[in-house]
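Here is how the chains run, residue by residue.
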Amino acid sequence: QVQLVESGGGLVQPGGSLRLSCAASGNFFSINGMGWYRQAPGKERELVATITTGGSTNYGDSVKGRFTISRDNTKNTVYLQMNSLKPEDTAVYYCKGAIRVVLNTHDYWGQGTQVTVSS
């Protein structure tokens, strides 16, 4: 069974930084694209950032220039470095991975980690 487990969330003041991690575990052949999404109360889930196996990245407009996504393929882990955090970044952050299991590739989601930006 494949699992994605996020860590690193918490409470931070405006202008501060946090680093989220998401590690994949279980029985699988490979991990393709990985990404971070977030959902604030009363809002739809939105894209934060994605990264391909080769390291190509894509960011949501609201986080460009402040957040950086990276991955360590040897550890099956994706990271999200969040700088210059704003109150509007407050949300539950979810990790997603396109993971190949046997012959098929499926999207797997983590359980989410809360990020709260407040003074």
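Residues numbered from 1 in each chain as written. Predicted model: local features only at pLDDT ≥ 70, side-chain atom pairs only at ≥ 80, totals over all residues. Heavy atoms only, no water.

Asks: I would appreciate a short explanation of the pattern of salt bridges in the present structure.
Replies: Opposite charge on two side chains permits pairing when their charged atoms draw close. Inspection of the entire model under this criterion finds 5 salt bridges. In this structure, Arg66 and Asp89 form a salt bridge, with 2.8 Å as the shortest nitrogen-oxygen distance. Residue Arg66 is located in the loop between strand E6 (57-59) and strand E7 (67-72), and its partner Asp89 is located in the loop between strand E8 (77-82) and strand E9 (91-101); the two are separated by 23 residues in the primary sequence. A residue is classified by how much of its surface remains accessible, and Arg66, at 11% relative accessible area, is buried. Among the residues examined, Asp89 registers a relative accessible area of 0% and is labelled buried. Here Lys96 ties to Asp107 by a salt bridge, and the two come within 3.8 Å at their closest N and O atoms. Here Lys96, found in strand E9, pairs with Asp107, found in strand E10 (residues 104-109); they are 11 residues apart in sequence, far enough to count as distant. Since its relative accessible area comes to 48%, Asp107 is described here as partly exposed. (Salt bridge = Lys/Arg side-chain N within 4 Å of Asp/Glu carboxyl O. Helix = DSSP H or I, 4+ residues; strand = E, 2+ residues; numbered from the N terminus. Buried < 20%, exposed > 50% of the residue type's maximum accessible area, 1.4 Å probe, protein only.)

Asks: I'm lost on the pairing of strand E4 (residues 30-39) in this one. Help?
Replies: Regular strands place side chains that alternate from one sheet face to the opposite one. Relative to E9, E4 runs antiparallel, the two being bridged by 8 bridges. If you follow Arg38 over to E9, its bridge partner there is Tyr93. Note that E4 and strand E5 (residues 46-51) share 5 bridges and pair antiparallel. The partner of Tyr37 across the bridge, within E5, is Leu47. Connecting the antiparallel pair E4 and E5 is a turn made up of 6 residues, with Gly42 showing a positive phi of about 80 degrees. (Pairing = 2+ DSSP bridges.)

Asks: Looking at this structure, I do not really get the packing of aromatic side chains. What am I missing?
Replies: Inspection of the entire model under this criterion finds 1 aromatic pair. Positioned over the ring face of Tyr79 is Arg19, at 4.1 Å from the centre of the ring. Lying over the aromatic face of Tyr94, Arg45 brings its terminal NZ or CZ to 3.8 Å of the ring centre. (Phe/Tyr/Trp six-rings, centres within 6.5 Å; stacked < 30°, edge-to-face > 60°. Lys NZ or Arg CZ within 6 Å of the ring centre and 35° of its normal.)

Asks: Whenever I open this one, unusual backbone geometry confuses me. Can you help?
Replies: Across the chain, the bulk of peptide bonds are trans and the bulk of non-glycine residues have phi less than zero. Of note in this structure, Ser84 is not a glycine but carries a positive phi near 50 degrees. Exposure remark for Ser84: the relative accessible area of 41% places this residue in the partly exposed category. Phi is positive for Val102, which is not a glycine, with a value near 55 degrees. Within the secondary structure layout, Val102 lies in the loop between E9 and E10. Judged by relative accessible area, which is 51%, Val102 ranks as exposed.

Asks: Sorry if this is basic, but what is going on with the nonpolar core here?
Replies: Note that soluble globular proteins tend to have their nonpolar side chains buried in a common cluster. Among the nonpolar cores identified, the biggest contains 28 residues, and Trp36, Leu80, Met82 and Tyr93 are the most heavily contacted of them. Broken down by secondary-structure element, the contributors of at least two residues to this core are strand E3 (18-25), E4, E5, E7, E8, E9 and strand E11 (113-117). Contact partners of Leu80, with chain neighbours within four places excluded, come to Leu18, Arg19, Leu20, Trp36, Val48, Ala49, Phe67, Thr68, Ile69 and Tyr93. (Core = buried A, V, L, I, M, F, W, Y, C linked by side-chain atoms within 4.5 Å. Contact = heavy atoms within 4.5 Å.)

It is worth stressing that arrangement in space is one thing and function is another; only the former is reported here.
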